[in-house]
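One-letter residues, chain by chain:
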Amino acid sequence: MARILIRSVAPTAYAPVLALEAYARRHLDRPTLELVKIRASAINGCSYCTAMHTRDARKAGESEERITAALTGDWRSGDLFDARERAALRYTEALTRPDGELPDDLFEEVLAQWGEKGVVHLAMAVATINTWNRVAIGTGMTADDLH
């Protein structure tokens, strides 16, 4: 199947998502950002983004155990993740799942761990990776397209 390379076909459509990406990179630490991207991409079934962000996390020094836990959703148990990371992953799941439910207890947990600005930064990061996932899936990108 032919893939569509949005950057080539419609560069002006690509630019706003790049701006969101730049915002997320400026405001979140790299490990958390990669874990958020891995978790959302796995939930969304985006093989291209899942492959890209697991690769990027490895390059950044993330452990295979933490990457696997983020991929499978098994991040809740044990001590692989601190309270701040667990809150970010739980928040990522809530904002990524189709029901769109954000329980009060989760909002309070994320707010306590991240503060108001941190919640905004996380929300933007989750929105960004969900947008990338939809673009990659919608243009036929797969893990095989990752070079």
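Because the structure is a prediction, the values reported are computed rather than measured. (Residues numbered from 1 in each chain as written. Predicted model: local features only at pLDDT ≥ 70, side-chain atom pairs only at ≥ 80, totals over all residues. Heavy atoms only, no water.)

### With respect to the overall build of the chain
Let me state the cut-off plainly: Starting at the N terminus, helices and strands are each numbered in turn, a helix being any DSSP run of H or I of at least four residues and a strand any DSSP run of E of at least two. Computation of the radius of gyration draws on C-alpha atoms, with the globule rule given as 2.2 Å multiplied by the number of residues to the power 0.38. Relative accessibility under 20% of the residue-type maximum defines a buried residue, over 50% an exposed one, and the middle range a partly exposed one, all with a 1.4 Å probe and only protein chains included. Here the open area of atoms and residues is found with the Shrake-Rupley method and a 1.4 Å probe, where only the protein chains shown may cover a residue. A residue counts as positive if it is Lys or Arg and as negative if it is Asp or Glu; His and the chain ends are not included. In plain terms, the charge of a residue is placed at NZ if it is Lys, CZ if Arg, CG if Asp and CD if Glu.
Of the regular secondary structure elements, the chain holds seven helices and zero strands. The order of helices and strands in the chain, counted from the N terminus, is α-α-α-α-α-α-α. Taking 2.2 N^0.38 as the reference for a compact globule, 147 residues should give roughly 15 Å; the C-alpha atoms of the chain span a radius of gyration of 15 Å, in line with that estimate. Taking the principal axes of the C-alpha coordinates as reference, the chain spans close to 45 × 30 × 30 Å. When burial is assessed residue by residue, the chain has 41% of its 147 residues classed as buried. Here the chain has roughly 7800 Å² of accessible surface; of this, 56% comes from carbon and sulfur atoms. Distance between charge centres in the chain, computed from 18 positive and 21 negative side chains, equals 7 Å.

### Re a negative patch on the surface
The condition that has to hold: Distance thresholds for patches are 9 Å for like charges and 5 Å for nonpolar side chains (Val, Leu, Ile, Met, Phe, Trp, Tyr), applied to residues having over 30% relative accessible area and no salt bridge. Salt bridge, as used here, is a side-chain nitrogen of Lys or Arg placed within 4 Å of a carboxyl oxygen of Asp or Glu.
A cluster of acidic residues, Asp 99, Glu 101, Asp 104 and Glu 108, forms a negative patch at the surface. Positionally, Glu 108 belongs in helix H7 (residues 104–138). Since its relative accessible area comes to 53%, Glu 108 is described here as exposed.

### Description of the packing of aromatic side chains
Let me state the cut-off plainly: Aromatic pairs are defined between Phe, Tyr and Trp rings, using the six-membered ring for Trp, whenever the two ring centres lie within 6.5 Å; interplanar angles under 30 degrees are classed as stacked, those over 60 as edge-to-face, and all others as tilted. Note on criteria: charge over ring means Lys NZ or Arg CZ within 6 Å of the ring centre, with the direction from the centre no more than 35 degrees off the ring normal.
Per the stated rule, a full pass over the model turns up one aromatic pair. It is Arg 84 that lies over the ring of Trp 114; its NZ or CZ is 3.5 Å from the centre.

### Considerations on the pattern of salt bridges
Tallying each qualifying case throughout the model produces 11 salt bridges. With a closest N to O distance of 2.5 Å, Glu 21 and Lys 37 form a salt bridge. Within this pair, whereas Glu 21 is found in helix H2 (residues 11–27), its partner Lys 37 is found in helix H3 (residues 30–44), the two being separated by 16 residues in sequence. Note on Lys 37: relative accessible area 3%, which makes it buried. For Arg 66, the salt bridge is made with Glu 62, and the minimal N-O distance between the two is 2.4 Å. Residue Arg 66 shares its accessibility class with Glu 62, and that shared class is buried.

### So, helix H5 (residues 64–72)
The following threshold applies: Directions drawn from the helix axis to the C-beta atoms are what define this arc. The criterion used for residue contact is that any of the two residues' heavy atoms lie within 4.5 Å.
Burial in H5 covers these residues: Arg 66, Ile 67, Ala 69 and Ala 70. Taken down its axis, H5 places every buried residue within 160° of arc, on the same side. Opposite its buried face, H5 presents the exposed residues Glu 65 and Thr 72, each directed more than 90 degrees away. On its buried face, H5 sits against H3, helix H4 (47–59) and helix H6 (83–96). Phi turns positive, to about 85°, at Gly 73, one or two residues after H5.

### So, the nonpolar core
For clarity, the cut-off: Remark: nonpolar core denotes a set of buried residues (Ala, Val, Leu, Ile, Met, Phe, Trp, Tyr, Cys) joined through side-chain atoms within 4.5 Å.
Judged by nonpolar contacts, the single largest core of 26 residues is most densely connected at Tyr 48, Cys 49, Val 110, Trp 114 and Leu 122. Every element with two or more residues in this core is listed here: H2, H3, H4, H6 and H7. If one sorts the elements of this core by residue count, H7 sits on top with 10 residues. Setting aside anything within four residues of it in sequence, one finds Trp 114 in contact with Leu 28, Asp 29, Thr 32, Arg 84, Ala 87, Ala 88, Val 119 and Leu 122. Residues Leu 35, Ala 57, Ile 67 and Trp 75 belong to the second largest nonpolar core, which totals nine residues.

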